[in-house]
Amino acid sequence: MHNKSVAELSRELESGSVSSVELTTHFLQRIHELDGHFNSFITVSDESALAAAAEADARRRRGEATPWTGIPLAHKDIFCTRGTRTTAASRMLADFVPPYDATVVANFNKAGAVCLGKTNMDEFAMGSSSESSYFGAVTNPWGEKRVPGGSSGGSAAAVAARLTPAATATDTGGSIRQPAALCGITGLKSTYGRISRHGVIAFASSLDQGGTMALTAEDNAMMLNVMASHDRQDSTSTDRAVPDYTATLNEPLKGLRIGLPREYFAQQLNADMEQRVREAIAEYEKLGATVQEVSLPHASLAIAAYYIIAPAEASTNLSRFDGVRYGYRCEEPKDLMDLYQRTRAEGFGDEVKRRIMIGTYALSAGYFDAYYLKAQKVRRLIQQDFIDAFKQVDVLMSPVSPTPAFIQGEKTQDPVTMYLEDIFTVAVNLAGIPAMSVPAGFVDGLPVGLQILGDYFSEARLLNVAHQLQQATDWHLHQPE
Amino acid sequence: MAISREDIEKVAVLARIQVTDEQIAGLETDLGNILNLVDQLQAADTDAVEPLAHPLDAVQHLRADVVSETDQRDAFQALAPATEEGLYLVPRVIE
Amino acid sequence: MQWDVVIGLEIHVQLATQTKIFSGSSTAYGAAPNTQASAVDLAMPGTLPVLNEQAVRYAVMFGLAIDAEINRRSVFDRKNYFYPDLPKGYQTTQLDHPVVGAGHLDVDLADGTSKRVRIHHAHLEEDAGKSLHEDFHGMTGIDLNRAGTPLIEVVTEPDMNSAEEAVGFARKLHSLVTSLGICDGDMSQGSLRFDVNISLKPKGSTVLGTRTETKNLNSFRFMEQAIAHEVERQMDLLEDGGRIVQETRLYNGDTGESRSMRSKEEANDYRYFPCPDLLPVVLSEEFIEDARQRLPELPDARKARFVEQYGLNDYDASQLSTDARLASYFEEVVRRGKDAKLSANWVQGELSARLNADEKSIQESPVSGSQLGDLIVRVADNTLSSAGARKVFDALWSGTHQDVDTIIADQGLKQVSDTGALEQMVDEVLANLPDQVTQYRAETDANKRKRLLGGFMGPLMKASKGQGNPKLFTEILRSKLEG
């Protein structure tokens, strides 16, 4: 049952061969049996999940079901869930139970989906290995002691381990695509503004974007159908109409123009990884696509620009965690300054504190022009690179990460080594375009991802391109032992 | 670019994060390495380039001036570390 | 040494919207603490700001009223600092791209001249909450009801050279924003708060001196005192060879002293940058035109109309047109009372005196405009003597009676103007006082005759039980004694 896709489960619920209560019970059991190995969940919501499942079954009997009614899924613990604690994997919010739902959560609830629980992640989504969680590191189901990637490592590991058929996630600099790649599943980061950020605990507001994780591209399309919406509570939410993303999955790819950014292949890239990526691209040629090299001349500046802009925004987004209205507060503060300084020193982990400090520095008097403003200018150059590229080709393809899943602890000593993990992913967030990670084979038994990048609001096209690969190959169906 | 001990202390105060002497030593290395990474930016020619604050070329939409919120003080203050008579409590603020 | 005083103002104007600038919480004053603080106002995780259209419209109306450029594109920035009344740890404001650009306001001075004060810009921003320093076991209590209330901050050029000019500007601004209906103008509730930048320079010098900022003055009187105090402080310092330190100062209206707030300013670095949760505000021509259509009559135009329509002199017109609510009260009085000059005298005289004495605003007046109008009618048609009119006013003020004519009837205040009856009374009084009549007729000195004539008034008023029309009595007396 747990190897089935959302689409298959939806059909079985519809046919009556299985109930939501049965499905939900099954996945909850798997979580309790297996998640000790992965630590992919921070909170498991047995009681509310079973209640929601019973309600979903009743709704189906009333003939009011949507394709999602009764389907279990998990939310990254960065989406606020009313009545269920939402921690952002931080000590700061270890006991925070929001009195409101994120719009994404509300959308799934409205569709009748069943929330199994909240998945683990890097603290405040800052990281690429899901090791910085206050609730402990997440382990990749594909390899003992391997990281699942990050920051949405809990969502990726839970889907890969078949503990949930689908999981929501967010992507600020690669936080969906890189863990999806390292865990051998399919993930999509949508165009900035396509999915509401309301109720998503902010990391970097102009880069953060929600997205989807599941085994198949089709399931990602089903998720996006629910997650994409215009939300008046988020000023940056777009009012463009939301298409049915499943409707165009089977469009033929003949004539599809694929661009390979020269700069993304020239970087120090594991030779076996490059081989897998090129093999996947060869599959597309078999399907009638044409391939050409393109250039993103400012690609090498993306990491630098990102590691100014993201920390700068984060440094002020996280100022609200001050121990006054909610969240962690230090014991017996002796004065106001002490309250702030100890609350934040004790409530935040090391990587979060580093980023707040770098961001504060980049915005401070005397450094603003050299860092923040310069980074914003480079951001425009990077965006222009993509605009120019999409005049020549329909999609871009590249690796997602420079290496497959690495060993836990290997990159935690030096933050810069960890940052370089994001070398192929951050430019997408700076430009705000959509991108996917699709399984593309294995290196030494560890999954490799193919990154597919599209123009603004081309999610339907990306899902179509990913789905067609999954019709021709079965890399996405391999499962860890 | 190197970051000095004084800079770290100043930034820590601005960010309201207590740092110990030991931590400052570690931060000098880590933040210094991060600044070396981001200093690649300085090589870019950005004359005549407008900064980009937002990926989408969209404009702010405006909300009608109609009250939509109700009093949820009890629910909100249940989350608070210290309240009294409906107020959030903090150590005495000296103006 | 002679000094020139240079003053610039920054004024925070609370906008009279129903809801906050970035959330749907009510802005009504006086609610129980934190009952009007929503998840957005409390900066709960994941909450986001959405801009209030009315706040933008009010800012644009202000801009149009001061003849300013309206910026078609404006941007919100974050001003970062930690304070318990600032839930997000930053204030959302506008630094480089404010909604209202350069404009000006003309201030009338006591000597009859007018002074143009340039306004550098006005920007939209959010207010902070309040810290309550009463003792909660040595703790401070935070009320966030006010957090997120929309403000415009109006920044002038340093164009004012005296306390009179600065206070004149402040009063004019108050008059303007209340007339526009974009601010309730209640200074005791902090609806308008003034920061005053003051510097001194040697007379005639073109180089500006170092300035200080005195913050949060919330009455015209305190503002005047604070300026006088600060000018004197700086003058003393400079003349003793000292130097002015650029700093923020706090003026205490009760003690008449000020002190430096350096402790709060120290090490501040606000790290302004564009708020990534809000998009640029782009105003269409339609939006601006719509705001223009909503502009009500402004004080200068109203003053001109009062002169034209009611025949008021410049002084009365100016006094009555400045405050929008006083102006509308006056017009209600005139609508009923017809006699504009008499109405003006009563509104500025008896009514204003009583309001001042009871510390009431014009909206709180127990006597309505139409009641005062009815009273004016009875004064104008001689039904009431001035003493009788004051008695009627007292009855209205105390609220014991509502209707002017009923009061006149109940208290027997109707003035007797029947000349036949009055003549009879005069005849009787003159007959009873033959010596005084002889004395009067013999007197040649005009002043003395006037005094002697007054001697008959007492007995006449007594005879008429106080209801005889004194003017008519005087006329009849004259004709009888001199005729």
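Just so it is clear, the model here is predicted, and its values are computed rather than measured. (Residues numbered from 1 in each chain as written. Chains lettered and ligands numbered in written order. Predicted model: local features only at pLDDT ≥ 70, side-chain atom pairs only at ≥ 80, totals over all residues. Heavy atoms only, no water.)

### Describing the overall build of chain B
Thinking step 1. When helices and strands are counted, chain B shows three helices and three strands.
Thinking step 2. The helix and strand sequence of chain B, counted from the amino end, reads α-α-β-α-β-β.
Thinking step 3. Scaling as 2.2 N^0.38, a compact globule of 95 residues should have a C-alpha radius of gyration of about 12 Å, whereas chain B reaches 22 Å, well beyond that.
Thinking step 4. Considering only C-alpha atoms, chain B reaches an extent of 55 × 45 × 25 Å along its principal axes.
Thinking step 5. Considering chain B as a whole, with its 95 residues, one finds that 46% of them fall into the buried category.
Thinking step 6. For chain B, the exposed surface amounts to about 4900 Å²; the carbon and sulfur share of it is 49%.
Thinking step 7. Charged side chains in chain B number 6 positive and 19 negative. The centres of these two groups are separated by 10 Å. (Helix = DSSP H or I, 4+ residues; strand = E, 2+ residues; numbered from the N terminus. Rg over C-alpha atoms; globule rule 2.2 N^0.38 Å. Buried < 20%, exposed > 50% of the residue type's maximum accessible area, 1.4 Å probe, protein only. Areas by Shrake-Rupley, 256 points an atom, 1.4 Å probe, with all protein chains shown as cover. Lys, Arg positive; Asp, Glu negative; His and termini not counted. Charge placed at Lys NZ, Arg CZ, Asp CG, Glu CD.)

### Observations regarding the interface of chain B and chain A
Thinking step 1. Residue-level contacts link 50 residues of chain B with 68 residues of chain A.
Thinking step 2. Carbon and sulfur atoms supply 70% of the area that chain B and chain A bury against each other, a total of about 5300 Å² over both sides.
Thinking step 3. On the surface where chain B and chain A come into contact, there are one salt bridge.
Thinking step 4. The salt bridge partner of R354(A) is D30(B), with a shortest N-O separation of 3.3 Å.
Thinking step 5. Summed over the shared surface of chain B and chain A, the result is 15 residue pairs in polar contact (both at pLDDT 80 or more).
Thinking step 6. Looking at the side of chain B that touches chain A, the elements with two or more residues in it are α1 (5-14), α2 (21-38) and β3 (87-91) of chain B.
Thinking step 7. For the side of chain B that touches chain A, the element with the most residues is α2(B), which contributes nine residues.
Thinking step 8. Broken down by class, the residue content of the side of chain B that touches chain A amounts to 35 nonpolar, nine polar and six charged. (Contact = heavy atoms within 4.5 Å. Buried area = accessible area lost by both parts, 1.4 Å probe. Salt bridge = Lys/Arg side-chain N within 4 Å of Asp/Glu carboxyl O. Polar contact = N/O pair within 3.5 Å; in protein donor to acceptor, adjacent residues only side chain to side chain. Nonpolar A, V, L, I, M, F, W, Y, C, P; charged D, E, K, R; others polar.)

### As for the pattern of salt bridges
Residues and elements named next belong to chain C.
Thinking step 1. Under the defined criterion, the tally for this structure stands at 57 salt bridges over all chains.
Thinking step 2. With a closest N to O distance of 2.9 Å, D277 and R78 form a salt bridge. Highlighted residues: D277 in the loop between β15 (273-274) and β16 (281-282) and R78 in strand β4 (residues 77-80), separated in sequence by 199 residues. Each member of the pair, D277 as well as R78, is classed as buried.
Thinking step 3. The residue K341 makes a salt bridge to D316 at a minimum N-O spacing of 2.8 Å.

### Comments concerning the pairing of strand β8 (residues 130-136) of chain C
Residue and element names in this part refer to chain C.
Thinking step 1. Where β8 and strand β9 (residues 139-143) come together, four bridges link them in antiparallel fashion. Pairing of S131 across the sheet is with I142, part of β9.
Thinking step 2. Counting the residues that bridge the hairpin from β8 to β9 gives two residues, and of these H137 lies at a positive phi of roughly 50°. (Pairing = 2+ DSSP bridges.)

### Details of helix α3 (residues 46-61) of chain A
Residues and elements named next belong to chain A.
Thinking step 1. In this model, α3 (16 residues) spans 23 Å end to end at C-alpha, consistent with the 22 Å of a helix rising 1.5 Å per residue.
Thinking step 2. For α3, the set of buried residues is A49, A53, A56, D57, A58, R59 and R60.
Thinking step 3. Next to the buried residues of α3 lie α1 (6-15), α2 (20-38), α4 (103-111) and β3 (114-119).
Thinking step 4. Within two residues after α3, G63 carries a phi angle of roughly 80°, on the positive side. (Expected span 1.5 Å × (residues − 1).)

### What to know about the sheet that holds β4(C)
Residues and elements named next belong to chain C.
Thinking step 1. Taken together, three strands build an open sheet; the order of strands is β5-β4-β15 and the sheet is antiparallel. On the outer flanks of this sheet lie β5 (90-93) and β15, each paired with one strand and no other.
Thinking step 2. Note that β4 and β5 share four bridges and pair antiparallel. Residue pairing in the sheet places K79 in a bridge with Q91 of β5.

### Considering the interface of chain C and chain A
Thinking step 1. Each partner contributes residues to the interface: chain C has 29 residues there, and chain A has 36 residues.
Thinking step 2. In this assembly, chain C packs against chain A so that about 2700 Å² is buried in total across both faces, 59% of it on carbon and sulfur atoms.
Thinking step 3. Taken as a group, P45(C), F82(C) and R271(C) account for 24% of the area that chain C buries against chain A, more than any other trio of residues on that side.
Thinking step 4. For the interface between chain C and chain A, the tally reads one salt bridge.
Thinking step 5. A salt bridge links D277(C) to R197(A); the shortest N-O distance between them is 3.1 Å.

### Description of the sheet that holds β3(B)
Thinking step 1. Ordered in space as β2(B)-β3(B)-β9(C)-β8(C), the four strands form an open sheet in which the pairing is antiparallel. If you trace the sheet from one side to the other, it starts and ends with β2 (83-84) of chain B together with β8 of chain C, each paired once.

### Examining the packing of α1(B) against α2(B)
All names here are of chain B.
Thinking step 1. Viewed as axis vectors pointing N to C, α1 and α2 meet at an angle of 105°, and their least axial separation amounts to 10 Å. With respect to each other, α1 and α2 are oriented roughly perpendicular. Where α1 abuts α2, its residues R5, I8 and E9 lie against D21, I24, L27, E28 and L31.
Thinking step 2. Looking at side-chain class alone, the contact of α1 with α2 contains four nonpolar, no polar and four charged residues. (Axes fitted to C-alpha atoms, helices over the stretch in contact; angles between N-to-C directions. Parallel < 35°, antiparallel > 145°, perpendicular 65-115°, else oblique.)

### Observations regarding the packing of aromatic side chains
Thinking step 1. Following the criterion strictly, the structure yields 27 aromatic pairs over all chains and no others.
Thinking step 2. Taking 5.3 Å as the distance between ring centres and 35° as the angle between the ring planes, the aromatic pair formed by F368(A) and Y372(A) counts as tilted.
Thinking step 3. When the ring of F194(C) is compared with that of F220(C), the centres are 6.2 Å apart and the planes differ by 50°; the resulting orientation is tilted. Residue F194(C) is found in strand β11 (residues 192-202), and its partner F220(C) is found in helix α3 (residues 220-239); the two are separated by 26 residues along the sequence.
Thinking step 4. You can call F220(C) buried: its relative accessible area is 13%. (Phe/Tyr/Trp six-rings, centres within 6.5 Å; stacked < 30°, edge-to-face > 60°.)

### A few points about the confidence of the model for chain B
All names here are of chain B.
Thinking step 1. Across chain B, pLDDT averages 94, with 98% of residues at or above 70.
Thinking step 2. Helix α3 (residues 73-77) holds the highest mean pLDDT among the elements of chain B, 98, whereas α2 holds the lowest, 95.
Thinking step 3. Both scores are available for the predicted complex, with the pTM at 0.89 and the ipTM at 0.97. (pLDDT = per-residue confidence, 0-100.)

### Remarks on the environment of Y83(C)
Residues and elements named next belong to chain C.
Thinking step 1. By secondary structure assignment, the location of Y83 is in the loop between β4 and β5.
Thinking step 2. Judged by its relative accessible area of 11%, Y83 is buried.
Thinking step 3. Between the alpha carbons of Y83 and K414 there is a distance of 65 Å; along the sequence they are 331 residues apart.

### Details of the side chain of D385(A)
All names here are of chain A.
Thinking step 1. Note that D385 resides in helix α13 (residues 369-389).
Thinking step 2. In this structure D385 is buried but unpaired, with K391 as the nearest side chain of opposite charge at 11 Å.
Thinking step 3. Reaching out from D385, the side chain makes a polar contact with the backbone nitrogen of H298 at a distance of 2.7 Å.
Thinking step 4. With near-sequence residues (within four places) excluded, D385 lies in contact with L296, P297, H298 and A299.

### Side note on a negative patch on the surface
Residue and element names in this part refer to chain C.
Thinking step 1. A cluster of acidic side chains, namely E232, D236, E239 and D240, defines a negative patch on the protein surface.
Thinking step 2. In this fold, D236 is placed in helix α3.
Thinking step 3. The exposure class of D236 is partly exposed, given its relative accessible area of 42%. (Patch = residues over 30% accessible without salt bridge, like charges linked within 9 Å, V, L, I, M, F, W, Y side chains within 5 Å.)

### Overview of the nonpolar core
Thinking step 1. Counting 185 residues, the largest nonpolar core has W68(A), F124(A), Y284(A), F386(A), M397(A), L450(A) and I452(A) as its most contacted members.
Thinking step 2. No other element matches the 10 residues that helix α10 (residues 302-317) of chain A contributes to this core.
Thinking step 3. Ignoring sequence-local partners within four residues, the contact set of I452(A) consists of Y284(A), V395(A), L396(A), M397(A), P434(A), A435(A), M436(A), V438(A), L462(A), V465(A) and A466(A).
Thinking step 4. Judged by nonpolar contacts, the second largest core, of 66 residues, contains A68(C), F76(C), A166(C) and L278(C). (Core = buried A, V, L, I, M, F, W, Y, C linked by side-chain atoms within 4.5 Å.)

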